[in-house]
Amino acid sequence: MSRKKWTLAHIDKDVAASVAETHSLDPFTALILTSRGITEYEDVEEFFDPDFAFCDSYLIRDVDKAVERIKKAIENYEKICVFGDYDADGVTSTALMYSYLRSVGADVTYYIPDRVTEGYGMNVQAVKKIAEDGTKLIVTVDNGISAIEEIDFAKSLGVDVVVTDHHKPGETLPDAVAVVDPHRDDDNLPFRDWAGVGVAFKVVSALNGGDCMDIISRYADIIAVGTIADVVDLRDENRAIVRYGVAKINSDPCFGIEALKQISGVGGKYINSVGVTYSLAPRINAAGRMASAETALKLLLSEDENTALEYAEIVDECNRERHTVENEITKSAISHIENDDKLKYAKVIVICGEGWHHGVIGIVAARITEKYGKPSIVISFDGDEGTGSARSIDGFSVYDAIKSCDDLLTHFGGHTMAAGLGIKKENVNEFFNRINEYANSVPSVIPELLINCKLNPAYINNDLLSSLSALEPYGAGNSQPVFGIYGVTLSEIKPVGESGKHLRLTFTKSGAFVTAMKFSTTAEEFPYCVGDILDLAVRIDKNEFKGEVKPSVQIKDIRFSGTDEDKLFGSMLLFEKFKRGEELTTKEAKFITPSRDFLLGVYKFIKQQGSWNYDTEVLLKRTGCQTYSFCTMQTAIDILCELGLLKLDDGKILFEDGGKKVELADSKILNRLNSFMGGDGNE
């Protein structure tokens, strides 16, 4: 179910007007705030506070103990090792802690485990190696809260450990000198949702005499990149961190960040938090995914332009390789899913492959979840040992689903929307069955696209850009607004870009027109025609060219105007239920079963077209059927393919050479449907 259900946010216009008046805000800005539930006086003031005051770092449990032990190591010139992680949050955390400790004269080194050979977090062999190197203190960043055995082992070797982490603790805390984790049950904090680099920032600030602003002025670019990359909610301190960070990235970034900007094509241009998400963070992540995260760390620690550019080029090559490998695995996974109805129509997709690169399976899972609109788990096997990465949709906790099968796993961890696991090959089939049994035991979830508010094309101008810029920085918890433009007529389709891989579309309504971009879609792939009346879900960005600033409208989704989505999605869910082999009621079976005339109509339409390259929703429109007939149309296509009159090929419906006689009584699909109706089906 790749289609998302459009949900229009509720906005109380009277409340929005009051917010605008009380805080002297642009009315449109207040409207978006109200759509997000930010209406209380203190919340609005904090959202726009230019002089945000960070909370005292010492409010976090064990920060005092961490500072005392780290300062002792600095004063006694004990060797300190910063133990980080291989993702962007871990790399930036390591860069921050290492840079600060080095700046105050500490004897400090760092260690980042290899994603493939060591996995996440501390491990005994790494601890042994660090101890043999003469280290007396390990400071973890973005990990350590679950390293019970490893920290006990370090202690047995005479190595103290200070944990700084942001992951939720288990029932037992590690026996470390200090455990700085804002999610400890005994912490009572006004804010606790920092990324790992945010926790490191609080500890470094405490080491710096509690002066947060001094640390922000020196390291805001690095802290912001890690915060954005870890997809924590951009509210409270996180919002302030990113606001300061974006300013520094654009005015005075470190050599590494500047080199990343140059290599990613945004050098010399203003880059906002969305640009960080798509241009900078993925390249830092790519080093840890495809090679060594140490390369990305050295990039951030670079002390001159040339060195930074050398590392940036390596990181960029890692990112290109990541794209290639990711695309190959995604293509293989989707091909397998498309050829296996058991997988395709499961409530939770579990797809396995031999030797798939561990560094990209999480991204592949995200792409599968986006395509099919349901939770997915991608597992890579090396022999009998499997490593899996899961992604989910809002409303379904993939962590809880995996936890219900924990007896089949070697390990697992994560949160509501993403998780990781280990599994033996012999347990995969049982795992697939069990996790889908769990999914059947909870309410079905339809993926949604939130529309923040409706927008008249006549109001898309530079004033709107100013209203939207006040809402930045964007990110998790404060996503870039999505607007609904309803009932516009498509008037022009123009391919642009290399080989016409993008489209520039023009729409009109009541004398106004809007031009919008549909990226990564060719004219052949675009299912709509000039004259179609459509609804658009769009984002609006600033486009600056030769000194001129204009709004850039980017299409996120399109649908036919007037679509009854409740009926459409109800029909989709019924079809998937049938394809999973579940029992249907007599009423459901009658509803889904196509009549002889319906089958004939579909057959003649495809014959006339020669083939059909678009989705079923568009086919319904072109054949004059109602959206609630989705399940009937899909079933009709399956029956006609089963009887050899049509053929499915890589998502396309092809007309087979006609003229042969077929009997509907030979259709196993129809016979199965008839069985739900006591044999009283269509002839």
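Treat the numbers as computed from the prediction; the structure is a model and nothing was measured.

### What about the sheet that holds strand 5 (residues 160–164)?
If you walk across this open sheet you meet the 5 strands as 3-2-4-5-6, and the pairing is parallel. Pairing within the sheet leaves two strands with one partner each, and these edge strands are strand 3 (107–111) and strand 6 (178–180). Taken pair by pair, the neighbouring strands of this sheet meet at an average axis angle of 20°, ignoring direction. Of the pairings in the sheet, the one linking strand 2 (residues 79–83) to strand 3 comprises 5 bridges and is parallel in character. Considered in strand 3, the bridge of C81 is made with T109. Contacting strand 2, strand 3 and strand 4 (135–141), helix 5 (residues 88–103) runs over the sheet at an angle of about 170° to strand 3.

### Thoughts on the layout of surface pockets
Unfilled space is identified by rolling a water-sized probe across the atoms. Taken as a whole, the second largest pocket holds about 340 Å³ of empty space. Every residue lining the second largest pocket is counted, 22 residues in all, and those nearest its centre are K347, S444, V445, L573 and R580. Every element with two or more residues in the lining of the second largest pocket is listed here: helix 20 (565–579) and helix 21 (586–592). Ranked by residues supplied to the lining of the second largest pocket, first place goes to helix 20 with 6 residues.

### Comments concerning helix 19 (residues 462–469)
Along helix 19, the residues that are buried comprise L464, L465, S467 and L468. The buried side chains of helix 19 occupy one side of the element, clustering within an arc of 160° when seen end-on. Looking at the buried positions of helix 19, the neighbouring elements they touch are helix 2 (27–35), strand 14 (483–496), strand 17 (533–545) and strand 18 (548–560). The N-terminus of helix 19 is capped by N461, whose side-chain oxygen sits 3.1 Å from the backbone nitrogen of D463.

### Details of the pattern of salt bridges
In this structure the tally under the stated criterion is 39 salt bridges. The closest approach of N and O atoms between D407 and R434, which form a salt bridge, is 2.6 Å. Of this pair, D407 sits in the loop between helix 17 (398–403) and strand 10 (409–414) while R434 sits in helix 18 (residues 428–441), and the two are 27 residues apart along the sequence. A salt bridge links R622 to D532, with the shortest nitrogen-to-oxygen separation between them at 2.7 Å. Residue R622 is located in helix 23 (residues 616–622), and its partner D532 is located in the loop between strand 16 (512–518) and strand 17; the two are separated by 90 residues in the primary sequence. A residue is classified by how much of its surface remains accessible, and D532, at 12% relative accessible area, is buried.

### Things to note about the packing of helix 12 (residues 273–290) against helix 14 (residues 305–338)
It is the contact of helix 12 with helix 14, at a shortest axis distance of 8 Å, that shows an interaxial angle of 75°. What the angle tells us is that helix 12 and helix 14 run roughly perpendicular. Between helix 12, through P282, R283, I284, A286, A287, R289 and M290, and helix 14, the contact on the second element is made entirely by V315, D316, C318, N319, E321, R322 and V325. The class makeup of the residues in the contact of helix 12 with helix 14 is 8 nonpolar, 1 polar and 5 charged.

### Digging into the side chain of D181
Mapped onto the secondary structure, D181 falls in the loop between strand 6 and helix 8 (196–207). Within the buried set, D181 has no salt-bridge partner at all; the shortest N-O distance to an opposite charge, 7.1 Å, is to R192. Polar side-chain contacts of D181 include one of 2.9 Å to the backbone nitrogen of H183. Beyond its immediate chain neighbours, meaning those up to four positions away, D181 contacts I145, D165, H166, H167, P169 and D187.

Parameters and conventions
- Per chain, residues are indexed from 1 in the order of the written sequence.
- Whole-chain, interface and lining totals are the exception, using all residues; otherwise, since this is a predicted model, local features are given only for residues with pLDDT of at least 70 and side-chain atom pairs are given and counted only at 80 or more.
- Here the side-chain values reflect all heavy atoms present in the structure, with hydrogen atoms and water set aside.
- Paired strands are those between which DSSP finds at least two bridges.
- Helix and strand assignments come from DSSP, with helices taken as H or I runs of at least 4 residues and strands as E runs of at least 2, each series counted from the N terminus.
- Where helices are involved, their axes are fitted lines through C-alpha atoms of the stretch in contact, as for all axes, and angles between N-to-C directions lie from 0 to 180°.
- Contacts between residues were defined by any pair of non-hydrogen atoms, one from each residue, lying within 4.5 Å.
- The pocket and cavity definitions rest on a 1 Å grid over protein atoms only: a 1.4 Å probe that fits but cannot leave marks a cavity, an open set with protein on both sides within 12 Å along at least five of seven lines marks a pocket, and residues lining either have an atom within 4 Å of a point.
- Grid points are joined across faces, edges and corners, and a volume is the space filled by probe spheres set on the points.
- Three labels apply to residues, based on accessible area from a 1.4 Å probe with only protein chains included: buried if under 20% of the type maximum, exposed if over 50%, partly exposed otherwise in between.
- By construction, the arc corresponds to the directions joining the helix axis to the C-beta atoms.
- In the analysis that follows, any N or O atom pair within 3.5 Å is treated as a polar contact, provided that within protein one partner can donate a hydrogen and the other can accept it, and provided that, for residues neighboring in sequence, both atoms belong to side chains.
- Any Lys or Arg side-chain nitrogen located within 4 Å of an Asp or Glu carboxyl oxygen qualifies as a salt bridge.
- Note on terminology: angles under 35 degrees are roughly parallel, angles over 145 are roughly antiparallel, angles of 65 to 115 are roughly perpendicular, and the others are oblique.
- Gly is placed with the polar residues, together with every amino acid not listed as nonpolar (Ala, Val, Leu, Ile, Met, Phe, Trp, Tyr, Cys and Pro) or charged (Asp, Glu, Lys and Arg).
- Just so you know, the count uses Lys and Arg for positive and Asp and Glu for negative, and it drops His and the chain ends.

Treat this as a map of the structure, not an account of what it does.
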